[in-house]
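Fold and geometry: a report
As a plain string of letters, each chain reads:
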Amino acid sequence: KAGVTQTPRYLIKTRGQQVTLSCSPISGHRSVSWYQQTPGQGLQFLFEYFSETQRNKGNFPGRFSGRQFSNSRSEMNVSTLELGDSALYLCASSLGLPGWNTEAFFGQGTRLTVV
Amino acid sequence: KQEVTQIPAALSVPEGENLVLNCSFTDSAIYNLQWFRQDPGKGLTSLLLIQSSQREQTSGRLNASLDKSSGRSTLYIAASQPGDSATYLCAVRPGGSTLGRLYFGRGTQLTVWP
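Residues numbered from 1 in each chain as written. Chains lettered and ligands numbered in written order. Predicted model: local features only at pLDDT ≥ 70, side-chain atom pairs only at ≥ 80, totals over all residues. Heavy atoms only, no water.

**Regarding the packing of aromatic side chains**
Note the threshold: Pairing of aromatic rings covers Phe, Tyr and Trp, the last through its six-membered ring, and needs centres within 6.5 Å; plane angles under 30 degrees mean stacked, over 60 mean edge-to-face, and all others mean tilted. Remark: exposure states derive from per-residue accessible area (1.4 Å probe, protein chains only) relative to the maximum for the residue type, with buried under 20%, exposed over 50%, and partly exposed in between. Helical segments are the DSSP runs of H or I of at least four residues, strand segments are the runs of E of at least two, and each set is numbered from the N terminus. Note on geometry: a ring has a charge over it if NZ (lysine) or CZ (arginine) is within 6 Å of the ring centre and within 35 degrees of the ring normal.
Throughout the structure, instances matching the rule amount to eight aromatic pairs over all chains. Here the aromatic rings of Phe60(A) and Phe64(A) are separated by 5.1 Å at their centres, their planes lie at 65°, and the arrangement is edge-to-face. Residue classification places Phe60(A) among the buried positions, given a relative accessible area of 15%. Its relative accessible area of 3% is what places Phe64(A) among the buried residues. Look at Phe106(A) and Phe36(B): their rings are 5.3 Å apart centre to centre, the planes differ by 85°, and that puts the pair in the edge-to-face class. Taken as a pair, Phe106(A) in strand 10 (residues 105-106) and Phe36(B) in strand 4 (residues 30-38) lie in two separate chains rather than in one. Phe36(B) matches Phe106(A) in its accessibility class, with the two residues each being buried. Among the aromatic residues, those joined into a cluster by ring pairs are Tyr35(A), Phe45(A), Phe106(A), Phe36(B) and Phe104(B). We note Arg101(B) situated over the ring of Tyr103(B); from NZ or CZ to the ring centre the distance is 3.8 Å.

Shown next as structure tokens:
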């Protein structure tokens, strides 16, 4: 059974550019969440999608956006990149269904470096 | 707002020792609690999931306990090995829904030396 797949693994971008990260959840999982991890702030929640709808959103500026497709794959986009956006971006998937195991499984992350 | 604290922040022990990592949370209305392991630069690996109605879970040399009323969980690692060196994170999912964000602690960085 394939795990959570995030692409690309590494990215180097210039300030002002935009970037799109992709996450393919475990087959059958309908909930996908995104987190930003930095040494100074730890793991911070970005947003969660379930059945193509954003269900929860963290405290990030509007430059951070996401979406989920009908096959549960998710993308997040960051526009007008800033140096402070350099981080490890992690995606987690879970079933998301009431009464079912809600164990969250994470991908290997995308390391974004903004120069 | 849920806050999760992990103590100690770092731990360095010789191989073979039994360890206890601590996690506390401020709001006892949780759906479940999950322990993760993270190796440098990598993603999170799920170790154990404890539902709010459970008191403990075991997997191999790992045992996690949950005391929801006091807002505490412990991760016990038996007979530690150098390969256990990593950062251990606990996370709680708020009660009331199977959806919603996980609240993470800052982690305990464990080093096991031969």
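**Quick notes on the interface of chain B and chain A**
We count it as follows: Note on definitions: a residue-residue contact is assigned when non-hydrogen atoms from the two residues lie within 4.5 Å. Note: buried area is the sum, over both parts, of the accessible area (probe 1.4 Å) each one loses when the two are combined. When a carboxyl oxygen of Asp or Glu lies within 4 Å of a side-chain nitrogen of Lys or Arg, that pair is called a salt bridge. In protein, a polar contact requires one atom able to donate a hydrogen and another able to accept it; more generally it is a pair of N or O atoms within 3.5 Å, and residues adjacent in sequence count only if both atoms are side-chain atoms. Ten residue types, Ala, Val, Leu, Ile, Met, Phe, Trp, Tyr, Cys and Pro, are classed as nonpolar, four, Asp, Glu, Lys and Arg, as charged, and the remainder, Gly among them, as polar.
If you look at the interface, chain B gives 20 residues, while chain A gives 30 residues. The contact between chain B and chain A buries some 1900 Å² in all, and 52% of this surface belongs to carbon and sulfur atoms. Across the chain B-chain A interface, the total number found is zero salt bridges. In this assembly, chain B and chain A are joined by eight residue pairs in polar contact (both at pLDDT 80 or more). Breaking the side of chain B that touches chain A down by element, the ones donating at least two residues are strand 4, strand 5 (44-51) and strand 9 (86-94) of chain B. With five residues, strand 4 of chain B is the largest single contributor of residues to the side of chain B that touches chain A. Grouping the amino acids of the side of chain B that touches chain A by side-chain chemistry returns eight nonpolar, eight polar and four charged.

**Points about the state of the cysteines**
For clarity, the cut-off: The disulfide criterion is simple: two cysteine sulfur atoms within 2.5 Å.
One pass over the full model with this rule turns up two disulfides over all chains. Two residues share a disulfide in this structure: Cys23(A) and Cys91(A), whose sulfurs sit 1.7 Å from each other. Classification of the bridge connecting Cys23(A) and Cys91(A) rests on its S-S torsion, roughly -55°, and on that basis the disulfide is left-handed. Here the residue Cys23(A) occupies a position in strand 3 (residues 19-24), and Cys91(A) occupies one in strand 9 (residues 87-94), the gap between them amounting to 68 residues. By the burial criterion, Cys23(A) is buried, and Cys91(A) matches it. Put simply, Cys23(B) and Cys90(B) are joined by a disulfide, and their sulfur atoms are 1.9 Å apart.

**Brief notes about the sheet that holds strand 6 (residues 56-59) of chain B**
Residue and element names in this part refer to chain B. The test is simple: Each pair of strands is called paired provided DSSP finds at least two bridges between the two strands. Here, axes are lines fitted to C-alpha atoms. For helices the fit covers the stretch in contact, and angles between N-to-C directions go from 0 to 180 degrees.
If you trace the five strands from one edge of the open sheet to the other, you get 1-3-8-7-6, paired in antiparallel fashion. One side of each edge strand has no neighbouring strand; the edge strands of this open sheet are strand 1 (4-7) and strand 6. Going across the sheet, the axis of each strand differs from the next one's by a mean of 15°, ignoring polarity. With four bridges joining them, strand 1 and strand 3 (residues 19-25) adopt antiparallel strand pairing. Looking at strand 3, one finds that glutamine 6 is bridged to cysteine 23.

These figures capture arrangement, not role.
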